[in-house]
Amino acid sequence: MNIGRIGIWAFLDMLPQAKAQEAAAEIEEMGFGAIWLPEAVGREVMTSSTLLLSKTKKITIATGIANMWARDAVTMSAAHKTISEAFPGRFLLGIGASHKHLVENLRGHEYTKPFSAMSEYLDKMDAAPFFAAAPSEPPARVLAALGPKMLKLAAEKALGAHPYFVSVEHTKFARETMGDGPLLAPEQAVVLETDPTKARELARKHMAIYLRAPNYTNNLKRMGFTDDDLADGGSDRLADAIVAWGDERVIVERVKAHLDAGADHVCIQVINDGGEAPMAEYRELAPALLAL
């Protein structure tokens, strides 16, 4: 599977489906290698992926991530193979254990031992029966992985890892943990704004929801950030590490830093103060990013 070096991580759920499909087609025309779609309380991500694949020709659609608690392993495996058979080499299934509040409060499952649950889930996926036309290429999957155990699992039982809400230092840590070979595809939030006050205001607005999730805060502490960094919306040091802000040159330098640290693919998430897909920002950044 070829997802290129640069992709787009996007909340396309806010657009009507027809507009989301148009946006995906335009992102493809710009030359990006993949579009990564989240799953929380918006569109069902397997259906949404299929709809976007149907209106594009070559770009990879990746889930970043599909919640393992939303489907049992047999259903996830069947959906994965169904989409992969219909769109050979163009669907990358990112699977994650999600977060306790989304699993227990929202879905009514018991969130215990996420690492063990994920390992068992992957084994059940591999053993699931599928009496239908098989994909012409092996279905590809990656794991949402932050800590060392999940990163090693991603290297052993998947194509690799898709870390989210991470710094360049984490990318270096992830590559060292997984070793050479497995795919490493971190997400990088970016803000095209040169005014520090405005840029960090957008960065903190973006970070707010994630700083309430222990999976992310524990990982930040693993990377050397302190409780002071996490307090009051996040320190300048944290905001600058998680969100690359500035002009095109600064954004390109941050993405290149991830690649130099061991990433194979970096998907950028453009943060702005509007509700529409940031197509103008994608067009502005595409030439320089795709030249990396």
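As shown above, the structure is provided for reference.
Note that the structure is a prediction, hence the values are computed from the model and not measured.

Engineer: Can you help me understand the side chain of Thr171 in this one?
Structural biologist: Tracing the backbone shows Thr171 in helix α7 (residues 168–178). Here Thr171 falls in the buried class, since its relative accessible area comes to 1%. Not counting the four nearest positions on each side in its chain, Thr171 is found in contact with Leu184, Pro186, His258, Ala261, Gly262 and Ala263.

Engineer: What is the right way to read the packing of aromatic side chains from this model?
Structural biologist: The relation between two aromatic rings is expressed through the spacing of the ring centres and the mutual angle of the planes. Counted under the stated rule, the structure contains eight aromatic pairs. Here the aromatic cluster, defined as three or more aromatic residues joined through ring pairs, consists of Trp9, Phe11, Tyr164, Phe165, Tyr210 and Tyr216.

Engineer: I would appreciate a short explanation of the pattern of salt bridges in the present structure.
Structural biologist: Pairing between side chains of opposite charge can happen when the charged atoms of each approach one another. Scanning the entire structure with this criterion turns up 15 salt bridges. Residue Lys19 pairs with Glu22 through a salt bridge whose shortest N-O separation is 3.9 Å. Residue Lys19 and its partner Glu22 are located together in helix α1 (residues 17–30), separated by three residues, close to a single helical turn. Look at Lys19 and you get partly exposed, because its relative accessible area is 46%. With relative accessibility at 48%, the residue Glu22 sits in the partly exposed group. Note that Lys157 is salt-bridged to Asp123, the shortest N-O span being 3.0 Å. You can see Lys157 sitting in helix α6 (residues 148–157) and its partner Asp123 sitting in helix α5 (residues 114–127), a full 34 residues away along the chain. Since its relative accessible area comes to 40%, Asp123 is described here as partly exposed. Among the ionic contacts, a cluster of salt bridges with common partners joins Arg200, Arg204, Asp236 and Asp240.

What counts and what doesn't
Residues numbered from 1 in each chain as written. Predicted model: local features only at pLDDT ≥ 70, side-chain atom pairs only at ≥ 80, totals over all residues. Heavy atoms only, no water. Helix = DSSP H or I, 4+ residues; strand = E, 2+ residues; numbered from the N terminus. Buried < 20%, exposed > 50% of the residue type's maximum accessible area, 1.4 Å probe, protein only. Contact = heavy atoms within 4.5 Å. Phe/Tyr/Trp six-rings, centres within 6.5 Å; stacked < 30°, edge-to-face > 60°. Salt bridge = Lys/Arg side-chain N within 4 Å of Asp/Glu carboxyl O.

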